[in-house]
2 protein chains.
Amino acid sequence: MEIEIFRKFLSGRGLKLTNQRVAVFNEIFAFHGHFEPERLYLKIKDSGTRASRASVYRTLNLLVESGLVEKITRTEKGNVYEHTYGHRHHDHMVCEVCDEIIEFYSEKIENLQDEICRKNNFRGVSHTLEIRGYCGKCGRQR
Amino acid sequence: MEIEIFRKFLSGRGLKLTNQRVAVFNEIFAFHGHFEPERLYLKIKDSGTRASRASVYRTLNLLVESGLVEKITRTEKGNVYEHTYGHRHHDHMVCEVCDEIIEFYSEKIENLQDEICRKNNFRGVSHTLEIRGYCGKCGRQR
DNA sequence: AGTTTAATTGAAATTTAATCTCAATTTCAA
DNA sequence: TTGAAATTGAGATTAAATTTCAATTAAACT
Ligand SMILES: [Mn+2]
Ligand SMILES: [Mn+2]
Ligand SMILES: [Zn+2]
Ligand SMILES: [Zn+2]
């Protein structure tokens, strides 16, 4: 279970798996998709558990450090995250009109990136490839 | 000249090429590289011209809309821009230690992206590919 | 040249995501 | 049970970016 990974990550740092942290964790892993911290905070609030904004943000950062969650992009109105554990790495297309996010993965692009890193004597650790434009629905309307 | 393009862009909108706008433009096109709005503002201040922060930000947005300048990434401490007119599109590798930015371009990756867009019925307009990791210098030290 | 009109400017206020502060509370191992 | 250490949350703070709005400037039109 993913929660065990989180627990181990925490105890490795002398930190505790508190109710608030569990609440944040559960809300994030309850669905697959992208989310913003503020909406996450509100969802937790709705679910009945009490966890302050400060705790939500703090836990989110811990989850990112643990590798279970990734910050996938920074929009004008803040960061966007997704839980990545158990999901294959992928990149995103974002519709500029309706904000729809389409996920994609290209082995070829991944390999080309590795090649470019080697050529430049650069040790790549992570990357973000975001294509912005118009989704099928919104593209048609112009 | 690039300034003519800007002038035309402005007049097409009924806007004027003022001293402040010229100052922002000149400072940006005086060198090739990446910059943050605040540093740009300070450089203009140093150069003697008077232009408020508000004007710098406003002009920067106009330059982006005109296509002469691009917002290339959003860091924790704000946006990073570069003037792109006359420069071929390229992507970036960013060293997590020293913040060095290495530019690269891959025709193959560009083509693969176009292909993926077609497949997903997505009209790609722009993209950002940022590889994070360790540059040669900083990678050696670990 | 003088008048009208619209755009522009800048100082300060505002917005907003995210972080920080710190006193009170909780946790847990000894 | 006790004490050290971690955690929490309400509110303060930070900082990038935008907005406000009265004063100024530039152009367009008699
Ligand atoms: Mn995704
Ligand atoms: Mn560049
Ligand atoms: Zn759309
Ligand atoms: Zn480096």
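What counts, and at which threshold
Residues numbered from 1 in each chain as written. Chains lettered and ligands numbered in written order. Predicted model: local features only at pLDDT ≥ 70, side-chain atom pairs only at ≥ 80, totals over all residues. Heavy atoms only, no water. Donors = N, O, S within 2.8 Å, 3.2 Å for Na, K, Ca; no water. Helix = DSSP H or I, 4+ residues; strand = E, 2+ residues; numbered from the N terminus. Buried < 20%, exposed > 50% of the residue type's maximum accessible area, 1.4 Å probe, protein only. Least-squares fit on C-alpha atoms with pLDDT ≥ 70 in both. Contact = heavy atoms within 4.5 Å. Buried area = accessible area lost by both parts, 1.4 Å probe. Salt bridge = Lys/Arg side-chain N within 4 Å of Asp/Glu carboxyl O. Polar contact = N/O pair within 3.5 Å; in protein donor to acceptor, adjacent residues only side chain to side chain. Near = heavy atom within 4 Å. Arc of directions from axis to C-beta. Pairing = 2+ DSSP bridges. Domains from an automatic or database assignment. Core = buried A, V, L, I, M, F, W, Y, C linked by side-chain atoms within 4.5 Å.

**Q** Give a description of the coordination of the manganese ion (ligand 2) that names residues and reports values.
**A** Residue and element names in this part refer to chain B. Within the first shell, the manganese ion (ligand 2) binds the protein through His34 (NE2), Glu82 (OE), His90 (NE2), His92 (NE2) and Glu103 (OE), at distances of 2.2 to 2.4 Å. Read in sequence order, the donor residues coordinating the manganese ion (ligand 2) give the pattern H-x47-E-x7-H-x1-H-x10-E. Note that histidine 34 is positioned in strand S1 (residues 34-35) and glutamate 103 in strand S5 (residues 101-104), a separation of 69 residues in sequence. We classify glutamate 103 as partly exposed; its relative accessible area is 33%.

**Q** Explain the relation of the copies chain B and chain A to me, using residue names and the numbers behind them.
**A** Placing chain B over chain A gives an RMSD of 0.2 Å and needs a rotation angle of 180°, together with 0.0 Å of translation along the axis. Given the turn and translation reported, the copies of this chain are related as if by a two-fold rotation axis. For chain B, the residue whose C-alpha comes nearest the rotation axis is leucine 129 of chain B, separated from it by 2.2 Å. A shared binding surface is used by both copies, with 100% of the interface residues of chain B retained as interface residues in chain A.

**Q** For the interface of chain B and chain A, give the residues involved together with the corresponding values.
**A** Contacts between the two partners involve 35 residues from chain B and, on the opposite side, 35 residues from chain A. Contact between chain B and chain A buries roughly 3,200 Å² in total, counting both sides, with carbon and sulfur atoms accounting for 59%. Considering only the surface of chain B that becomes buried against chain A, Arg74, Phe122 and Arg132 of chain B emerge as the three largest contributors, covering 21% of it. Across the chain B-chain A interface, the total number found is four salt bridges. The partner of lysine 71 of chain A in a salt bridge is glutamate 76 of chain B, with the nearest N and O atoms 3.8 Å apart. Across the contact surface, chain B and chain A share 15 residue pairs in polar contact (both at pLDDT 80 or more).

**Q** Which residues make up the protein's contact with DNA strand C, and what values go with them?
**A** The immediate surroundings of DNA strand C are formed by 21 residues, with Lys16, Thr18, Arg21, Ser55 and Arg58 of chain B found nearest. Backbone atoms, meaning sugar and phosphate, make up 75% of the atoms of DNA strand C lying within 4 Å of the protein. Contact distances for DNA strand C include 2.6 Å between a phosphate oxygen and a side-chain N or O atom of serine 55 of chain B. Those elements giving two or more residues to the surface near DNA strand C turn out to be helix H4 (53-66) and strand S3 (78-83) of chain A together with helix H2 (19-29) and helix H4 (53-66) of chain B.

**Q** Can you break down helix H1 (residues 2-11) of chain B residue by residue, with the values?
**A** Residues and elements named next belong to chain B. Every buried residue belonging to H1 is among Ile3, Phe6, Phe9 and Leu10, and all of these are buried. End-on, the buried residues of H1 take up no more than an arc of 120°, which puts them together on one face. Exposed residues lying more than 90 degrees from the buried face of H1 are Lys8 and Ser11.

**Q** Before we move on, can you summarise the pairing of strand S6 (residues 123-134) of chain B with the specific residues and values?
**A** Remark: a regular strand shows side chains that alternate across the two faces of the sheet. Summarising the sheet, strand S6 (residues 123-134) of chain A and S6 of chain B pair through eleven bridges and their orientation is antiparallel. Bridging across to S6 of chain B, arginine 123 of chain A finds its partner in tyrosine 134 of chain B. As judged from the four bridges shared by strand S4 (residues 91-95) of chain B and S6 of chain B, these two strands associate in the parallel manner. Across the sheet, methionine 93 of chain B pairs through a bridge with isoleucine 131 of chain B, a residue of S6 of chain B.

**Q** Which residues make up the domain arrangement of chain A, and what are the values?
**A** Residue and element names in this part refer to chain A. Taken domain by domain, chain A holds domain 1 (2-83) and domain 2 (91-141). Computed from C-alpha atoms alone, the centre-to-centre distance between domain 1 and domain 2 is 25 Å. Of the residues lining the interface, five residues belong to domain 1; the matching set on domain 2 comes to five residues. Surface buried jointly by domain 1 and domain 2 totals about 400 Å² across both partners, of which 47% is contributed by carbon and sulfur atoms. The largest share of the area that domain 1 buries against domain 2 comes from His34, Ile72 and Thr73, three residues that together contribute 75% of it. Taken together, domain 1 and domain 2 are joined by zero salt bridges.

**Q** Tell me about the nonpolar core, and please be specific about residues and values.
**A** One finds Met93, Phe122 and Ile131 of chain A together with Met93, Phe122 and Ile131 of chain B to be the most contacted residues of the largest nonpolar core, which totals 26 residues. If you list the elements that add at least two residues to this core, you get strand S4 (91-95), strand S5 (101-104), helix H5 (107-119) and S6 of chain A together with S4, S5, helix H5 (107-119) and S6 of chain B. Not counting residues up to four positions away in its chain, the partners in contact with isoleucine 131 of chain B are Gln113, Cys117, Phe122, Gly124, Ser126 and His127 of chain A together with His92, Met93, Val94 and Phe104 of chain B.

**Q** Residue-level account of the side chain of histidine 92 of chain A, with values.
**A** Residues and elements named next belong to chain A. Within the secondary structure, histidine 92 is located in strand S4. A distance of 3.0 Å separates polar atoms of two side chains, one belonging to histidine 92 and the other to histidine 34. Among all residues touching histidine 92, those that are not within four sequence positions of it are His34, Ile72, Glu82, Ile101, Ile102, Glu103, Phe104, Leu129, Glu130 and Ile131.

**Q** Tell me what's going on with the pattern of salt bridges, and back it up with residues and numbers.
**A** When the charged atoms of two side chains with opposite charge come close together, those side chains can pair. Summed over all chains, the structure comprises 16 salt bridges over all chains. Where arginine 39 of chain A meets glutamate 36 of chain A, a salt bridge forms, and the shortest distance between an N and an O atom there is 3.8 Å. The exposure class of arginine 39 of chain A is partly exposed, given its relative accessible area of 43%. Note that arginine 53 of chain B and glutamate 38 of chain B form a salt bridge whose closest N and O atoms lie 2.9 Å from each other. Pair noted here: arginine 53 of chain B is in helix H4 and glutamate 38 of chain B is in helix H3 (residues 37-46), with a separation of 15 residues, a long-range link. Relative accessible area serves as the criterion here: at 32%, glutamate 38 of chain B is assigned to the partly exposed category.

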